Amino acid sequence: MKADIHPDYREVVFQDVTSDFKFLTRSTLAASAKETIKWEDGNEYPLIKVEVSSATHPFYTGQNKIVDTSGRIDKFKRRYAK
């Protein structure tokens, strides 16, 4: 393997902005994080905010929830409401 071509793989905190659910894991996205957060162990980690996680995804929660981004559902209903 070539040296120094792989991204840095380190601890990152992911936060579901819908439910404020947070979890610590490892990722290569640490370099793109703009914020940091102090975790339960007292260390500071990069923070990546996500829209959907296992705490809010319908497959894991069993609840049907429609995520409408920029009115796509309304646009679809208007187009095919003949």
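Here the structure is a predicted model, which means the values were calculated and not measured.

How each quantity is defined
- Residues numbered from 1 in each chain as written.
- Predicted model: local features only at pLDDT ≥ 70, side-chain atom pairs only at ≥ 80, totals over all residues.
- Heavy atoms only, no water.
- Helix = DSSP H or I, 4+ residues; strand = E, 2+ residues; numbered from the N terminus.
- Buried < 20%, exposed > 50% of the residue type's maximum accessible area, 1.4 Å probe, protein only.
- Contact = heavy atoms within 4.5 Å.
- Pairing = 2+ DSSP bridges.
- Axes fitted to C-alpha atoms, helices over the stretch in contact; angles between N-to-C directions.
- Salt bridge = Lys/Arg side-chain N within 4 Å of Asp/Glu carboxyl O.

Asker: Help me get a handle on the overall build of the chain, residues and values and all.
Answerer: The secondary structure content of the chain amounts to two helices and four strands. In the chain, the order of α-helices and β-strands from amino to carboxyl end is β-β-β-β-α-α. Residue burial in the chain is summarised as follows: out of 82 residues, 18% are buried. Counting only contacts in the chain whose residues sit at least 6 apart along the sequence, the fraction spanning at least 24 positions is 37%.

Asker: Break down the sheet that holds strand β4 (residues 44-50) for me, with residues and values.
Answerer: The pairing of strands in a sheet happens through backbone hydrogen bonds and is either parallel or antiparallel. The strand order β2-β1-β4-β3 describes an open sheet built from four strands, whose pairing is mixed. Both outer strands of the open sheet, β2 (21-27) and β3 (35-38), are each paired with one neighbouring strand and no more. Ignoring which end each strand starts from, the neighbouring axes of this sheet average 45° apart. As judged from the four bridges shared by strand β1 (residues 10-16) and β4, these two strands associate in the parallel manner. Following the sheet pairing, F14 is matched in β4 by I48.

Asker: Go over the pattern of salt bridges with me, naming the residues and quoting the values.
Answerer: Considering all chains together, one arrives at three salt bridges under this definition. Linking E11 and R26 is a salt bridge whose minimum nitrogen-to-oxygen distance equals 2.8 Å. You can see E11 sitting in strand β1 and its partner R26 sitting in strand β2, a full 15 residues away along the chain. Overall, the relative accessible area of 38% leaves R26 in the partly exposed class.

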